[in-house]
Amino acid sequence: MLNQTNRHVPLTALLILLVGGLTIGPVLMLIIGSFSEGIGAIGKFTLDKYISAYGNPTLPATLSNTLIFVFGTAIFSTVLGAFLAYLSVRTDIPLKGLFGFLPIVPMMIPHVLFSSAWITLLNPTNGMFNVMLRNLFGLASGPFNIYSLGGMIFLEGMLDLPVTYLVMAPAMVSFDTKLEEAARVSGASNFHTLRTVTLPVLKPAILATFTLAIIRSLASFAVPRMVGVPGRIYVLTTHIHRIISIGWSPDYGQAAAIGLIVLAVAIILVYLYRRLIAESAQFVTVTGKGFRPTEIKLGRAKYPLFLVCLLFFAFLVVIPLATLIYMSFLPYTMVPSARAFSMMSLDNWRTVIGGTTILRALKNSAFLAVVGATVAILLSIFVAYIVVKVKSKASTFLESLTFLSFSFPGMIIGVGFMWFLVKTPLYATLGGLLVAYVGTYLPYGVRPLRSAFTQIDEELEESARVFGASFLRSLRDIVVPLLAPAVISAWVLTAAMFIRELSVSVVLSRPGTEVLTVEIMKLADDGLWGQVSALGLIMVGLSTVLVVGANLLRLPLAQSRSKRIKTEGTVDSSTVPIP
Amino acid sequence: MQGTISVRNLVKTFVSKDETVTALDNVSLTTPPNRILTLLGPSGCGKTTLLRCIAGLESPDSGEILIGEEPVWSKTKDISLPPERRGLGMVFQSYAIWPHMTVFGNVAYPLQMRKVPKPEIEKQVKKILSLVQLDGYENRPATNLSGGQQQRVALARALVGEPKVILFDEPLSNLDAKLRESTRKELRHFLTELAISAIYVTHDQVEALTISDDIAVMRKGVIVERGTPQDIYLRSDDPFVVDFIGRANFLEAKIKSYQSEELCVVTSSLGDVVCNAPAGLEAGTSVTIYTRPESFTVVPADSGLTENVFEAKVNSVLFAGEAHEVEFGIGNATVLAKIEFDIPLQRGDRVRLHIEPEWCRVLNPKRGASRA
């Protein structure tokens, strides 16, 4: 602490201006937009947009769909997450290393592709799994229809599983097993203990997980768009998307009017989530080194439960990936057979790589990933530095500004950026997309860097000074090398996130500024599942290389930096977006 | 003079939550060359702040700091040397071993900063690692070391540049009790061997007593007493110091008369006691006297001693390993004494206790500070 607080005042002010512009700016424009006559007439006051948006006859059905979808998903993914977290942290289930893999899954298979794979398996007309079951049992139709609320909940629930698992697992780790032992000694059975002690103590954590799942599914766009829209089931995000994409005049005013309410709900939910997390931290009765909960012996239930876990992993990764690979070689959807294998070719791959639009989308996505991640991480480094090293009211304000956008659903903030950018030269350019990406996803860059800064003990810098290094020299010799791995890994993760970005892009992408995910969505609309698969696999390949690279870089860093004990089955949450 | 640090009228205040805390309140101090001076005190007494001001990691509000003859910080002369130009060595509380470097990289760093030629660096690092008994550890990653080994790397790094003075900031507080004891002895051994000047900060009184040549006891930003470990432990007349270091029996008493310049008789609940007292207290002055538990001995009835022999009743006996901790009732007073374990004592026993006037001392009533 070489009192240099004053030196940071201009930097702090600049960052507040920048971050504030990127987070509050689009929200303000969303509010102004909702009261304006149109995108070309900003500021001409009218209430028409609210009247027509809320008078829309399809709105009640959309709202009830949204409620069912959001709560169904939240219940499904919370139960699943708690179940897997319990098994991995508290029991002697085999192959715990597998659970460490969970958080990486959604980064490898973007939601659009996950949905595409399951559509080719479970769509009511020629879904491969449906066809196989019909042949097997002589059914006339069905039996599954992915284009339904049930199908949406199934897919979204699976996709939210890594997040719910990541919130539940630490709560399980810090749980004091003595509480349970006391119940057992008092005569309660294993099951009774679970019901009367374990679950009540974990209640705040479970509620927090549930709230987070609600936030995520409320903001979800890919699954409702891919699976809900063909079945004519609209939720709020797809409803907004319909307002701005279908028909001869997209109405961004109505989209803003509806989006604002969703945004308000999301902000309230995030506030609630934070309170619940704080409450659950109060229940942490045991902390400190060397503490390991006693493992519950599953006995005969061990292998059946393990099989259930394996099934989830198959649903999440193996089946969708295998389906995509298989489909990428076929001209149209076919159940695996000798004929199908004889018809396999590289045609889809050739078409995809040869298409000018898709090639442009590839280039755009690569540009956004590389340049966008660089800008986002540079900004994050400065923000994290100020937030950690400077203790002032301004730095606290900066921190809350940064984390504000955690609660913003991408689709709605995309509409906000639309209003924000429309009068600037950035409108309909890659630069505009870049600004929107950085603003929307800034917290995900700041978060890991903030913890990296926190971990660099002040004394490490100070000792370099005492032993003869100047301020700049100590930065070069100590701070930069210690920070570099975290910076690289944050960069890679941000780049991977920008490659699979859909909900902001779908609002802002225009001819000329196409991106991969949006193009995949268009191919899926045309039913070109083979090309979806081929292009999707290219995308999966890109982000997998990035994510695996990031983890390889992080591993030696995590080992050298701290010797804290990690309980098996828990993972560093900084890879997954959790507010 | 090389190897000494002088601090003159140093003041340092912090503002936290709209409240001003005075960490250093006009502190002056000169360290002896080639000796170990310990700053001892409870947490928040300003000892670490003083050390960090000397290192240059913190800026005082006013006063002056000199290393040797050279001022490194002075308000009036507007001098403020950055830490890297003060030529000191330091062992940090967390050791501050750089995790991305090897043992060699850590220890060589101070020499590299001074642009010492490479072969010379290698020679010196090897020499110093051998001194701290880490021969052959050069290429180990610094994180792949035990707590005790990290501590020794930190020491080697502080020693290697042959600094004018080495600063220690609670260097043993991260070790477990057993390792702390052996490391303490080891550290004392190294420092005596090298005849190096050191300032050592700790809140642990045993550590201070064993490791130092000289102790400065601090309280609320002020140095309350300065002296050798023996002086501090056995001969202090400051209420705070006596209470903070070790255990003591305190008794209210009144001055009766002086036997000599230092010895005087007081009346207390033990009866008349011959004590060591500060000079010039008037008869009838109310004072507090104190005794250390280990100063008492059990004497036979025919010992021939006449002064400071008390009829005592054993109230309770606690076996504490190396000795018995016995609570005696003497008249209306109770005192705690450590009695050798081979003297059989039981509750209710009546014995004669003796204490040398030298170890029965009157607290100086002029010292303002109350007991800790």
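Analysis parameters
- Residues numbered from 1 in each chain as written.
- Chains lettered and ligands numbered in written order.
- Predicted model: local features only at pLDDT ≥ 70, side-chain atom pairs only at ≥ 80, totals over all residues.
- Helix = DSSP H or I, 4+ residues; strand = E, 2+ residues; numbered from the N terminus.
- Buried ≥ 20, exposed ≤ 12 C-beta atoms within 10 Å, placed from the backbone.
- Contact = placed C-beta atoms within 7 Å.
- Domains from an automatic or database assignment.
- Nonpolar A, V, L, I, M, F, W, Y, C, P; charged D, E, K, R; others polar.
- Expected span 1.5 Å × (residues − 1).
- Bend = angle between axes of the 7 residues up to and from the residue.
- Pairing = 2+ DSSP bridges.
- Axes fitted to C-alpha atoms, helices over the stretch in contact; angles between N-to-C directions.
- Parallel < 35°, antiparallel > 145°, perpendicular 65-115°, else oblique.
- pLDDT = per-residue confidence, 0-100.
- Left-handed = near helix turned anticlockwise from the far one by under 90°.
- Core = buried A, V, L, I, M, F, W, Y, C linked by C-beta atoms within 7 Å.

Asks: Pulling in residues and values, what's your account of the overall build of chain A?
Replies: Per the secondary structure count, chain A includes 24 helices and two strands. Expressed as a percentage of the 579 residues in chain A, the buried residues total 48%. Of the contacts made within chain A by residues no fewer than 6 positions apart, 81% connect residues no fewer than 24 positions apart.

Asks: Account for the domain arrangement of chain B, naming residues and giving values.
Replies: All names here are of chain B. Here chain B is described as being made up of domain 1 (5-242) and domain 2 (247-362). Distance between the C-alpha centres of domain 1 and domain 2: 39 Å. In this complex, domain 1 contributes four residues to the contact, which on the side of domain 2 involves seven residues. Within the side of domain 1 that touches domain 2, the residues separate by chemical class into three nonpolar, no polar and one charged.

Asks: Would you mind going over the interface of chain A and chain B in detail, with residue names and values included?
Replies: Taken together, the contact pairs 18 residues of chain A with 20 residues of chain B. Looking at the side of chain A that touches chain B, the element that brings in the most residues is helix α20 (residues 458-466) of chain A, giving six residues.

Asks: For helix α1 (residues 9-34) of chain A, give the residues involved together with the corresponding values.
Replies: Residue and element names in this part refer to chain A. Helix length check: α1 (26 residues) gives 36 Å between terminal C-alpha atoms against 38 Å at 1.5 Å per residue, within 8%. In the structure, α1 departs most strongly from a straight axis at G21, where the bend amounts to approximately 40°. Residues of α1 that are buried include every one of T12, L15, V19, L22, T23, P26, V27, M29, L30, G33 and S34, and no others.

Asks: Any chance you could break down the pairing of strand β10 (residues 214-219) of chain B for me, citing the residues and the numbers?
Replies: Residues and elements named next belong to chain B. Burial analysis of β10 places five of its six residues in the buried class, which makes it a mostly covered element. As paired strands, strand β3 (residues 36-40) and β10 are joined by four bridges and run parallel to one another. Within the sheet, the bridge partner assigned to L40 lies in β10 and is V217. As paired elements, β10 and strand β11 (residues 222-227) share five bridges and run antiparallel to each other. Paired with M218 across the two strands is I223, which belongs to β11. The antiparallel hairpin formed by β10 and β11 contains two residues in its connecting segment, where K220 sits at a positive phi of about 50°.

Asks: Report on the packing of α1(A) against helix α19 (residues 430-455) of chain A, specifying residues and quantitative values.
Replies: Residue and element names in this part refer to chain A. Look at α1 against α19: their axes get within 9 Å of each other, and the N-to-C directions meet at 105°. It follows from the interaxial angle that α1 and α19 lie roughly perpendicular. On α19, the residues that touch V19, L22, T23 and P26 of α1 are V438, G439 and L442. In the contact of α1 with α19, the residues fall into five nonpolar, two polar and no charged.

Asks: Account for the sheet that holds strand β6 (residues 79-80) of chain B, naming residues and giving values.
Replies: Residues and elements named next belong to chain B. The sheet built from five strands is open, its strands ordered β2-β1-β4-β5-β6 with antiparallel pairing. Looking at which strands have only one partner, the edges of the open sheet turn out to be β2 (19-30) and β6. In the sheet, strand β4 (residues 62-67) pairs with strand β5 (residues 70-74) via four bridges, with the strands oriented antiparallel. Of the residues in β5, the one forming a bridge with I65 is W73.

Asks: Break down the confidence of the model for chain B for me, citing the residues and quoting the values.
Replies: In the predicted model, chain B carries a mean pLDDT of 88, and 98% of its residues have values of at least 70. Under the prediction, the complex receives an ipTM of 0.78, its pTM being 0.74.

Asks: Give me the lowdown on the sheet that holds strand β20 (residues 350-354) of chain B, citing residues and values where you can.
Replies: Sheet strands line up and pair through hydrogen bonds in the backbone, either parallel or antiparallel. Residues and elements named next belong to chain B. Ordered in space as β16-β20-β17-β18-β19, the five strands form an open sheet in which the pairing is antiparallel. Each end of this open sheet is capped by a strand with a single partner; those strands are β16 (297-299) and β19 (333-340). Across the sheet, the mean angle separating the axes of adjacent strands is 50° when strand polarity is ignored. The pairing of strand β17 (residues 309-319) with strand β18 (residues 323-330) spans six bridges and is antiparallel. Across the sheet, residue K313 finds its bridge partner in β18, namely G329.

Asks: Please give an account of unusual backbone geometry that cites residues and values.
Replies: Residue and element names in this part refer to chain B. The residue Y95 is not glycine, and still its phi comes out positive at about 70°. If you trace the backbone, Y95 turns up in the loop between β7 (89-91) and α2 (103-113). Overall, Y95 belongs to the buried group, with 25 C-beta atoms counted inside 10 Å. Unusually for a residue other than glycine, K115 sits at a positive phi of about 60°. Take K115: there are 8 C-beta atoms within 10 Å of it, and that puts it in the exposed class.

Asks: Go over the confidence of the model for chain A with me, naming the residues and quoting the values.
Replies: Close reading of the predicted structure is inappropriate where its pLDDT is low. All names here are of chain A. The share of residues in chain A with pLDDT of 70 or more is 90%, and the mean pLDDT across the chain is 82. Of the regions scoring below 50 in pLDDT, residues 1-5 engages in five contacts with residues more than four places distant in sequence or in other chains. Low confidence marks residues 558-577, where pLDDT is under 50. Its contacts with residues over four positions away, or in another chain, come to 38 contacts.

Asks: Run through the pairing of β3(B), naming residues and quoting values.
Replies: Residues and elements named next belong to chain B. Judged by how many residues are buried, β3 sits mostly within the fold: five of five residues are covered. Side chains I36, T38 and L40 project from β3 onto one buried face, and the interleaved L37 and L39 project onto a second face that is buried too. By the bridge criterion, five bridges tie β3 to strand β9 (residues 198-202) in an arrangement that is parallel. Across the sheet, L37 pairs through a bridge with I199, a residue of β9.

Asks: Tell me about the packing of helix α5 (residues 111-122) of chain A against helix α7 (residues 149-173) of chain A, residues and numbers included.
Replies: All names here are of chain A. At a minimum axis separation of 11 Å, α5 and α7 run at an interaxial angle of 140°. Judged by the inter-axis angle, α5 sits oblique to α7. Regarding α5 and α7, the two cross each other, and that crossing is right-handed. Counted together, H111, F114, S115, W118 and L122 of α5 and G151, L155 and L159 of α7 form the full contact between these two elements. Within the contact of α5 with α7, the residues separate by chemical class into five nonpolar, three polar and no charged.

Asks: Describe the environment of A:R350, listing the residues and the values that go with them.
Replies: All names here are of chain A. Structurally, R350 can be placed in helix α15 (residues 347-354). By the C-beta count within 10 Å, which is 11 here, R350 ends up exposed. Sequence separation between R350 and N56 is 294 residues, and the spatial gap between their C-alpha atoms is 44 Å.

Asks: So what's going on with the nonpolar core? Which residues, and what values?
Replies: For soluble globular proteins, the rule of thumb is that nonpolar side chains tend to be buried together. Judged by nonpolar contacts, the single largest core of 263 residues is most densely connected at A:V415, B:L167, B:I199 and B:I289. When residues in this core are grouped by element, the largest group, 16 residues, is from α7(A). Lining this core are residues from two domains, each supplying at least three of them: domain 1 (5-242) and domain 2 (247-362) of chain B. Setting aside chain neighbours within four positions, we find B:I199 in contact with B:I5, B:T31, B:L37, B:L39, B:L51, B:I54, B:V165, B:L167 and B:F168.

Asks: Go over the environment of A:T357, please, and point to the residues and values.
Replies: All names here are of chain A. Looking at the element boundaries, T357 is found in helix α16 (residues 356-389). On the basis of neighbour count, T357 is assigned to the exposed category, with 12 C-beta atoms found within 10 Å. Taking the C-alpha atoms as reference, T357 lies 7.5 Å from E514; in sequence the two are 157 residues apart. In this view, T357 contacts E514 and E519; residues no more than four positions away in its chain are not counted.

Asks: So, α5(A): which residues are in play, and what are the values?
Replies: All names here are of chain A. The end-to-end C-alpha distance of α5 is 16 Å, a good match for the 16 Å that twelve residues give at a rise of 1.5 Å each. Most of α5 sits inside the fold, with twelve of its twelve residues counted as buried. Three or more residues of α5 are buried, namely H111, V112, L113, F114, S115, S116, A117, W118, I119, T120, L121 and L122.

Asks: Which residues make up the environment of A:I93, and what values go with them?
Replies: All names here are of chain A. Position of I93 among the secondary structure elements: in the loop between α3 (59-90) and α4 (105-108). Between the C-alpha atom of I93 and that of I258, which follows or precedes it by 165 residues, the distance is 46 Å. Ignoring sequence-local partners within four residues, the contact set of I93 consists of L87, S88, L298, K302, L305, F306 and C309.

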